[in-house]
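Residues per chain, in single letters:
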Amino acid sequence: MKKLYVLINVFILMLLATACWNYREVEQLTIVAGFAIDKTFDGKYLLTFEIVDLHEAKGEGKVKSVLVESEGETLMNAIRNSIGKNFPKLYFGHTTVIIICQEVAQEGVLKVIDFMVRDAEPRLNLNLFVSMDTKAGDILKTKVLTSEIVSEELTNILDEQKNLAKALPIPVHKFIHALVEEGISGIMNSVCIEVNNEEKIAKLCGTAVFKEDKFQGFIDEEETYALSFILDEVKGGIIVVDVGSGPEEEKISLEILKSSTKIEPVYEDNKLSIKVSIDTKVVIAENGSKKNYTDKEGREELIKLAEEQLKKKIESIIEKIQKEFGADIFGFGNKFYKELPKVWKEKRNEWNEIFKDLEVTIETNIKIEHTSLLSEPIKMGD
Amino acid sequence: MNNGGSVLLEKEVISQKQAIIIVATFIIGSSTILGSGAKAKQDVWLAIIIAMLMVSLIFFVYGRITKLFPGKNIYEILDFLFGKVFGKILSLTFLLYAFSLGALVVRDFTEFARIVSLPETPACIFALSFIVIVIWAVRGGIELLGRFLAIFFPLFILMIVAITVLSIPLFNFDNLKPFLYDGIKPVLIDSFNIFTFPYAEVVVFLCLMGSLRKGSSVYKVYYASLLIAGTTLIIIAVRSVLVLGIPNKMIQNFASFTSTRLIRLGTFLQRIEASIAIIFMISGFAKTAVCLYTATKGLAHLFNIKVYHRLASSVGILMALYSIIMHENTAKMIEWTKKIYPYYAIPYQIIIPIIVWIIAEIKTRMSNKNNTTKVEDEGTGDTANTALPESNNS
């Protein structure tokens, strides 16, 4: 009797221990590394998926990517329509990149975002891009220089931006944050095609500005660089200082070690204004002039020039955004909401108007930490 | 399982430490995945603290009821206070509350597993396989649950701490600003919601506290577990706000799960959100087990069955089935939990305990008076029993 009892238990446990119901092997998954969203002439979505081809990788060969195109009336529909061409179901758990064409971005990206966030597979830290002057799908067709997968390359490039500060990492959750939060507009990275060594490659080329969920326009890399100072996203990069006086071009590179930005909202005499103060620590990385900038006077002169030039760059981007787009991508309104909630409550309905003429004062503070290995400029003898 | 009736009929005893752990895990329960603070937004921490203060008042009532009748469970107390017929009716409502609460937790578990990882598996598979383990635990008695949690609770806390520490690089303290933007009202509404779910659900422990080992204080159990669970819940809620920010947190069904998904340390430590599922499995298991225990015990009491263990499987399976049919879909479930549940819970969490408490005070006072005039020994013994812990806690 007892034996029978044990036997029954064993059988029940065997049934329970078979694990998952809808069990899928890795080779039955089609891993999507990234995808691009375009529109066809008849208003349908055209999706281009970059798929990591695992069949090729079974040996020692490199992992390759394959492109699959698919059309549909909605995004989900287009994704499922790919089954007609490619057997295993697409798996979005490892997707790192979504490229949106300008046309879709102009219509509003809310539907793209909604789909990505609602589905359980994609992660909130995948990166969003807007393709500039090209179809989004074409970006995925470009040649990759160092790895095999375009999406992976784009993600790596974005990660490496900490040494350049000319693009900002914008994962989906940050974009949603900007979309929903008060007094801040969203941005995405823009990507374009460039010819390098006679081959087409994908390249980051600045930032796409959004107002609500609608695309407004692009700003270029230099402007993105200034923008990242305001958004306090600078972790490295170069400040180029023009020290040339006269016909000769003389430039000095300062490498940024650390930078921090404080934005302070001010409310005085019923007028709103913003104070931005930027503290940057740099080292002299390259001296392109013959002058000595390591002694006290030289350093002071250099700092003064650098501060002025940086300030100018930042001021011009703020003005451009205010005048051309009127979208508060800096989050100035958000600063009022956080720091002066009472003022924000009164003014929030007029914010769009206020922002266009908002007075922004910028203070730049640059400190030279050291001058690298050299203590004197290289002096030429005769 | 056939250890003979004699063992089962013995009175179950749990130590104070075990009781604290059980109550704390029970409170943390499904709040590990279901976010709180829909209205209070960035002031959710304040709402939780206010809820804790409100709850500490009602916990005094719960503690006092048990203290007045040492060694008795709520059903015996109801019988004693309201007589056979009315007492039984109240017992029935109370056990139905425990039953539906248990079903709700099973449903939370099912929905979570279905949405997050296994969308094609039928709901009944989750519910039934989950309830089998819970039934097993309840058949083993409440001591078994105590011993189980004594092992897993440290692990449980460790995992929550680890996830929190790993999230620190993602923290953005600006997300907690501005403070009280919409005034105090939404915070108070939310603190009431948090009061009913999960804190005051502890009312089902009125059935268990009779098993507390002699010499341990009920108040200590309630307040220590409130402190442990409250801190944990504040950490979980604030972590989601700090990592996701209000805009993202508000649209997520399972905010703490989503915020864990963002954790990424280099390329080697990422995708650790399964740990949230493990945490929820432990706390959900404990919560369901307590609910099932209370419901089973109530049913056994209702029909004068001495060995409640045998009812556990039938009540448990009913609980699992009810969990499947109680809501049409997740959207309805979450809407119901947010909007209707607080009002549904008031009678069980506040009204019945307070009525029981008042009548209990009156009845014991009266019988004490009678006792002191008739038999002095018993009377003094009783008052000493009831008076002591009060002076300890005040």
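Residues numbered from 1 in each chain as written. Chains lettered and ligands numbered in written order. Predicted model: local features only at pLDDT ≥ 70, side-chain atom pairs only at ≥ 80, totals over all residues. Heavy atoms only, no water.

(A) Structural context of the overall build of chain A. Broken down by element type, chain A carries 12 helices and 13 strands. Counting only C-alpha atoms, chain A reaches 95 × 65 × 60 Å along its principal axes. The 382 residues of chain A split such that 48% are buried. Within chain A, residue pairs in contact and separated by at least 24 positions form 67% of the contacts whose partners lie at least 6 positions apart. Counting only carbon and sulfur atoms, one obtains 51% of the accessible surface of chain A, whose full area is about 20,500 Å². Within chain A, one finds 50 positive and 66 negative side-chain charges whose respective centroids are separated by 6 Å. (Helix = DSSP H or I, 4+ residues; strand = E, 2+ residues; numbered from the N terminus. Buried < 20%, exposed > 50% of the residue type's maximum accessible area, 1.4 Å probe, protein only. Contact = heavy atoms within 4.5 Å. Areas by Shrake-Rupley, 256 points an atom, 1.4 Å probe, with all protein chains shown as cover. Lys, Arg positive; Asp, Glu negative; His and termini not counted. Charge placed at Lys NZ, Arg CZ, Asp CG, Glu CD.)

(B) Molecular detail of empty space enclosed by the protein. All names here are of chain B. Counting across every chain of the model gives 5 cavities of 30 Å³ or more. In this model, the largest cavity occupies a volume close to 120 Å³. In terms of lining residues, the largest cavity is bounded by 15 residues, among which Ser 31, Leu 34, Ser 36, Ile 236 and Ala 237 are the most central. Counting residues per element, the ones that place at least two in the lining of the largest cavity are helix H8 (218-251) and helix H9 (255-261). In terms of residues, the lining of the largest cavity owes the most to one element, H8, which gives 5 residues. Across the lining of the largest cavity, the residue classes tally to 9 nonpolar, 5 polar and 1 charged. Size it by volume and the second largest cavity reaches roughly 60 Å³. If you trace the second largest cavity, you find it lined by Thr 32, Ile 160, Ile 163, Thr 164, Ile 236, Arg 239, Ser 256, Ile 276 and Ile 279. Listed by contribution, the elements that provide at least two residues to the lining of the second largest cavity are helix H6 (142-167), H8 and helix H10 (274-302). When residues of the lining of the second largest cavity are assigned to their parent elements, the largest contribution, 3 residues, is made by H6. The class makeup of the residues in the lining of the second largest cavity is 5 nonpolar, 3 polar and 1 charged. (1 Å grid on protein atoms, 1.4 Å probe; cavity = no way out; pocket = protein on both sides within 12 Å on 5 of 7 lines; lining within 4 Å. Points joined across faces, edges and corners; volume = space filled by probe spheres on them. Nonpolar A, V, L, I, M, F, W, Y, C, P; charged D, E, K, R; others polar.)

(C) Here's a closer look at the pairing of strand S7 (residues 187-196) of chain A. Residue and element names in this part refer to chain A. As defined by bridge partners, strand S6 (residues 127-131) adjoins S7 across 3 bridges and the pair is classed as parallel. Looking at S7, one finds that Ser 131 is bridged to Val 191. Summarising the sheet, S7 and strand S8 (residues 199-211) pair through 9 bridges and their orientation is antiparallel. Paired with Ile 193 across the two strands is Ala 202, which belongs to S8. (Pairing = 2+ DSSP bridges.)

(D) Structural context of the packing of H6(B) against H8(B). Residue and element names in this part refer to chain B. Packing of H6 against H8 leaves a shortest axis separation of 10 Å and a crossing angle of 25 degrees. One way to sum up the angle between H6 and H8 is to call them roughly parallel. Crossing handedness for the pair H6 and H8: left-handed. Every residue of H8 that contacts H6 at Phe 153, Ile 157, Ile 160, Ile 163, Thr 164 and Ser 167 is listed here: Ile 228, Thr 232, Ile 235, Ile 236, Arg 239 and Val 243. Across the contact of H6 with H8, the residue classes tally to 8 nonpolar, 3 polar and 1 charged. (Axes fitted to C-alpha atoms, helices over the stretch in contact; angles between N-to-C directions. Parallel < 35°, antiparallel > 145°, perpendicular 65-115°, else oblique. Left-handed = near helix turned anticlockwise from the far one by under 90°.)

(E) Quick look at the domain arrangement of chain A. Residues and elements named next belong to chain A. You can read the domains of chain A as domain 1 (24-219) and domain 2 (227-382). Domain 1 puts 21 residues into the contact, and the matching count from domain 2 is 25 residues. Both sides of the domain 1 and domain 2 interface together cover about 1,800 Å² of buried area, and 61% of this is carbon and sulfur. On the domain 1 side of the contact with domain 2, Leu 168, Glu 182 and Ile 219 bury the most area, a combined 30% of that side's loss. Viewed at the interface, domain 2 and domain 1 are joined by 3 salt bridges. (Domains from an automatic or database assignment. Buried area = accessible area lost by both parts, 1.4 Å probe. Salt bridge = Lys/Arg side-chain N within 4 Å of Asp/Glu carboxyl O.)

(F) Up close: the interface of chain B and chain A. In this assembly, 28 residues from chain B lie in contact with 29 residues from chain A. Surface buried jointly by chain B and chain A totals about 2,500 Å² across both partners, of which 51% is contributed by carbon and sulfur atoms. For the interface between chain B and chain A, the tally reads 3 salt bridges. Between Lys335(A) and Asp174(B) there is a salt bridge, and its shortest N-O distance comes to 3.4 Å. Take the side of chain B that touches chain A: its biggest share by element is 5 residues, from H8(B).

(G) Just the pattern of salt bridges, in detail. Residue and element names in this part refer to chain A. Overall, the coordinates contain 27 salt bridges over all chains when judged by the stated rule. Between Glu 181 and Lys 338 there is a salt bridge, with the nearest N and O atoms lying 3.2 Å from each other. On the criterion of sequence distance, the pair formed by Glu 181 in the loop between helix H7 (172-180) and S7 and Lys 338 in helix H10 (residues 332-339) is long-range, its members being 157 residues apart. In this structure, Glu 181 and Lys 338 share a single accessibility class: buried. The partner of Lys 235 in a salt bridge is Glu 233, with the nearest N and O atoms 3.6 Å apart.

(H) Examining a negative patch on the surface more closely. Taken together, the side chains of Glu346(A), Glu350(A), Glu353(A) and Asp357(A) define an acidic patch exposed on the protein surface. For Glu350(A), the location among the structural elements is in the loop between helix H11 (341-347) and helix H12 (351-356). (Patch = residues over 30% accessible without salt bridge, like charges linked within 9 Å, V, L, I, M, F, W, Y side chains within 5 Å.)

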